[in-house]
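# Structural overview
Residue-level listing of the chains:
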Amino acid sequence: MSRRIVTLALFLLLGAILNVAVAWGIVLWSNEYPYTPAYEKLGKRADWARLVARDWPPPQFQAFGQTWGLSLQIQVVQPSLSRTSPGAGLSLFRSGWPSRAVEAEYQGKHFGGTPLNRIWRYSIELPQRARPNEPACYRPVPCRPIWPGFAINTIFYAAILWPTICGPFALRRLIRRKRGLCVSCGYDLRHADHEVCPECGAVVGPSAEVNG
Ligand SMILES: [Zn+2]
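Small disclaimer: the values here were computed from a predicted structure and weren't measured.

### Some details on the pattern of salt bridges
For the coordinates displayed, the defined rule picks out seven salt bridges. Measuring nitrogen to oxygen at the nearest pair gives 2.7 Å for the salt bridge that ties R144 to E103. Of this pair, R144 sits in strand β9 (residues 144-145) while E103 is found in strand β5 (residues 102-111), placing the two residues 41 residues apart along the sequence. Of the charged contacts, one joins E105 and R144 as a salt bridge, the two residues approaching to 2.6 Å between their closest N and O atoms. Here R144 lies in strand β9 and E105 lies in strand β5, a separation of 39 residues in the sequence. Among the residues examined, E105 registers a relative accessible area of 2% and is labelled buried. Through salt bridges with shared partners, a single network forms among R50, R94, E103, E105, R121 and R144.

Structure follows, in structure tokens:
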């Protein structure tokens, strides 16, 4: 029983690793960027998606866009109208598939659409050489898990990995049992009534067919 729990924990861990690898891979390799679809549909909204500075009024407008595996939510309290005019707002950049699993957050004042300090929180900055044709601040590598998306993806990938890794072994055990062979080593048990396998010492299960 405890072995099953360890196996389950191991597969959930592998599922979580694969989940994050997919989310980061999309950031790195996707040629689409949710910024463009976001700015095609502007809307107004009365609440901030996250806690912001107390003196910020409700956002003047917000934009939301997504491409495969990526989404970007932008909420602006003060649009920056030129290179020198200050703007302020909140942006959430999320990645992951099938659900969005991790996010980076930008919150602050900026000039001319470029974040003043270029710092996304909860993210790893992508080295410029990874995407040479884009400013690095376009694609933060998100590090903060989003619930329930992170859990959904982790279970999704664990459920794919489990049969992929364990399936061939389970199939081999099933075939050996059907043929009356030792499930551990494949030794032929059909010609005598064994309690343990004479080859490897494994206990012979009651379901082994002894076809004599
Ligand atoms: Zn054996």
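### Some thoughts on the side chain of Q73
Within the secondary structure, Q73 sits in strand β3 (residues 70-78). Of the residues examined, Q73 reaches a relative accessible area of 14% and is grouped as buried. A polar contact of 3.2 Å, which involves the side chain of Q73, links it to the side chain of Q62.

### Brief notes about the coordination of the zinc ion
C182 (SG), C185 (SG), C197 (SG) and C200 (SG) make up the full set of protein donors to the zinc ion, lying at 2.2 to 2.3 Å. Around the zinc ion sit four donor atoms, and with donor-metal-donor angles ranging over 106 to 114° the site reads as tetrahedral. Mapped onto the sequence, the donors of the zinc ion take the spacing C-x2-C-x11-C-x2-C. You can see C185 sitting in the segment after α3 (149-179) and its partner C200 sitting in the segment after α3, a full 15 residues away along the chain. With a relative accessible area of 31%, C185 lands in the partly exposed category. Take C200: its relative accessible area is 38%, and that puts it in the partly exposed class.

### Here we look at a positive patch on the surface
Side chains of R3, R172, R173 and R177 sit close together on the surface and give a patch of like positive charge. In terms of residues, the positive patch owes the most to one element, α3, which gives three residues. R172 sits in the partly exposed class, given a relative accessible area of 41%.

### A few points about the nonpolar core
Membership of the largest hydrophobic core comes to 16 residues, with the highest contact counts inside it found for V27, L70, L72, I74, F93 and W120. Counting residues per element, the ones that place at least two in this core are α1 (2-29), β2 (61-67), β3 and β5. Among the elements that make up this core, the one with the highest residue count is β3 (four residues). V27 has contacts with L70, F93, S95, R131, R139, P140, V141 and P142, leaving out every residue within four places of it along the chain. Listed in part, the six residues of the second largest apolar core include W48, W56, V77 and A88.

### A short note on a nonpolar patch on the surface
Together, L10, L13, L14, I17 and I165 give the surface a local cluster of nonpolar side chains, amounting to about 440 Å² of exposed area. Looking at which element gives the most residues to the nonpolar patch, the answer is α1, with four residues. Tracing the backbone through its elements, the reader meets I17 in helix α1.

### Here we look at the packing of aromatic side chains
The tally for this structure, following the rule as stated, stands at 10 aromatic pairs. Summarising the aromatic geometry, the rings of W48 and W56 are spaced 5.3 Å apart at their centres and angled 50° between planes, so their arrangement reads as tilted. Considered together, W48 and W56 belong to a single accessibility category, that of buried residues. Within the aromatic cluster, the residues linked to one another by ring pairs are Y33, F93, Y106, W120 and Y138. Above the plane of the ring of Y122 lies R144, whose end atom (NZ or CZ) is 3.8 Å from the centre.

Reading guide: rules and limits
Residues numbered from 1 in each chain as written. Predicted model: local features only at pLDDT ≥ 70, side-chain atom pairs only at ≥ 80, totals over all residues. Heavy atoms only, no water. Salt bridge = Lys/Arg side-chain N within 4 Å of Asp/Glu carboxyl O. Helix = DSSP H or I, 4+ residues; strand = E, 2+ residues; numbered from the N terminus. Buried < 20%, exposed > 50% of the residue type's maximum accessible area, 1.4 Å probe, protein only. Polar contact = N/O pair within 3.5 Å; in protein donor to acceptor, adjacent residues only side chain to side chain. Donors = N, O, S within 2.8 Å, 3.2 Å for Na, K, Ca; no water. Tetrahedral: all angles 85-135°; square planar, octahedral: opposite > 155°, others 65-115°. Patch = residues over 30% accessible without salt bridge, like charges linked within 9 Å, V, L, I, M, F, W, Y side chains within 5 Å. Areas by Shrake-Rupley, 256 points an atom, 1.4 Å probe, with all protein chains shown as cover. Lys, Arg positive; Asp, Glu negative; His and termini not counted. Charge placed at Lys NZ, Arg CZ, Asp CG, Glu CD. Core = buried A, V, L, I, M, F, W, Y, C linked by side-chain atoms within 4.5 Å. Contact = heavy atoms within 4.5 Å. Phe/Tyr/Trp six-rings, centres within 6.5 Å; stacked < 30°, edge-to-face > 60°. Lys NZ or Arg CZ within 6 Å of the ring centre and 35° of its normal.

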